[in-house]
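Chain by chain, the residues run as shown.
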Amino acid sequence: MSDVRHVLVLPDRDAAEEVAEALGERFAVAEEPQLVRDALAGEDDAEDAQWLVVVEDPEARMDGAALDAFVADWDGWREAAY
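Residues numbered from 1 in each chain as written. Predicted model: local features only at pLDDT ≥ 70, side-chain atom pairs only at ≥ 80, totals over all residues. Heavy atoms only, no water.

Caption draft 1: Structural detail: helix α2 (residues 64-72). Among the residues of α2, Gly64, Leu67, Phe70 and Val71 are the ones counted as buried. Each buried residue of α2 sits inside an arc of 120 degrees when the element is viewed along its axis, so together they form one side. Its buried side turned inward, α2 meets β1 (4-10), α1 (13-26) and β4 (77-79). (Buried < 20%, exposed > 50% of the residue type's maximum accessible area, 1.4 Å probe, protein only. Helix = DSSP H or I, 4+ residues; strand = E, 2+ residues; numbered from the N terminus. Arc of directions from axis to C-beta. Contact = heavy atoms within 4.5 Å.)

Take a look at the structure:
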């Protein structure tokens with residue numbers, strides 16, 4: 001089995017924190033999701049940053065379509081797993 005990592009992209013920190021908290025209620029996550037600030041290229045202003053919620057899925061049990069629908073509630077999206 002190969003490890004899978006899901007990267008959820010959110011518009012702001014508040015949304016990312018809400019998603020990270022709600023993931024535990026909606027999906028069985030083994031580890032706490034990581035929050036990462038992703039500044040847009042050439043931008044120094046914190047207002048222009050996206051936030052990433054990185055979710056480890058070592059057994060590839062999380063459904064991508066369900067994650068897509070879940071994160072869309074916060075105007076976010078899921079990057080392809082790697």
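Caption draft 2: A look at the environment of Ala65. Note that Ala65 resides in helix α2. Classification of Ala65 by relative accessible area gives exposed; the value is 52%. Considered as a pair, Ala65 and Arg78 are 13 residues apart in the sequence and their alpha carbons are 9.3 Å apart.

Caption draft 3: Main features of the pairing of β1. Among the seven residues that make up β1, six are buried, leaving the element largely enclosed by the rest of the structure. Examined bridge by bridge, β1 and strand β3 (residues 49-57) share seven bridges and lie antiparallel to one another. Across the sheet, Arg5 pairs through a bridge with Glu56, a residue of β3. Bridge count between β1 and β4: three bridges; the pairing is antiparallel. Each residue of the ladder has a partner; that of Val7, found in β4, is Glu79. (Pairing = 2+ DSSP bridges.)

Caption draft 4: Expanded view of the sheet that holds strand β2 (residues 34-39). What the four strands build is an open sheet, ordered β2-β3-β1-β4; its pairing is antiparallel. Edge positions in the open sheet fall to β2 and β4, since each of these has one partner strand only. Here the average twist between neighbouring strands, direction ignored, is 30 degrees. The sheet contacts of α1 involve β1, β2 and β3, and relative to β3 the element is tilted by about 15 degrees. Against the sheet, α2 makes contact with β1 and β4, and its axis sits at roughly 140 degrees relative to β4, the strand it touches most. (Axes fitted to C-alpha atoms, helices over the stretch in contact; angles between N-to-C directions.)

Caption draft 5: Focus on the nonpolar core. Ranked by size, the top nonpolar core spans 16 residues in total, and within it Leu8, Leu10, Val19, Leu23 and Val53 carry the most contacts. Elements that contribute at least two residues to this core include exactly β1, α1, β3 and α2. With six residues, α1 is the largest single contributor of residues to this core. (Core = buried A, V, L, I, M, F, W, Y, C linked by side-chain atoms within 4.5 Å.)

Caption draft 6: A look at the packing of aromatic side chains. Applying the stated rule across the entire model yields two aromatic pairs. Seen from their ring centres, Phe27 and Phe70 are 5.4 Å apart, and the 90 degrees between their planes marks the pair as edge-to-face. Note that Phe27 is positioned in the loop between α1 and β2 and Phe70 in helix α2, a separation of 43 residues in sequence. Accessibility assignment for this pair places Phe27 and Phe70 in one class, buried. Members of the aromatic cluster, each reached through a chain of ring pairs, are Phe27, Phe70 and Trp74. (Phe/Tyr/Trp six-rings, centres within 6.5 Å; stacked < 30°, edge-to-face > 60°.)

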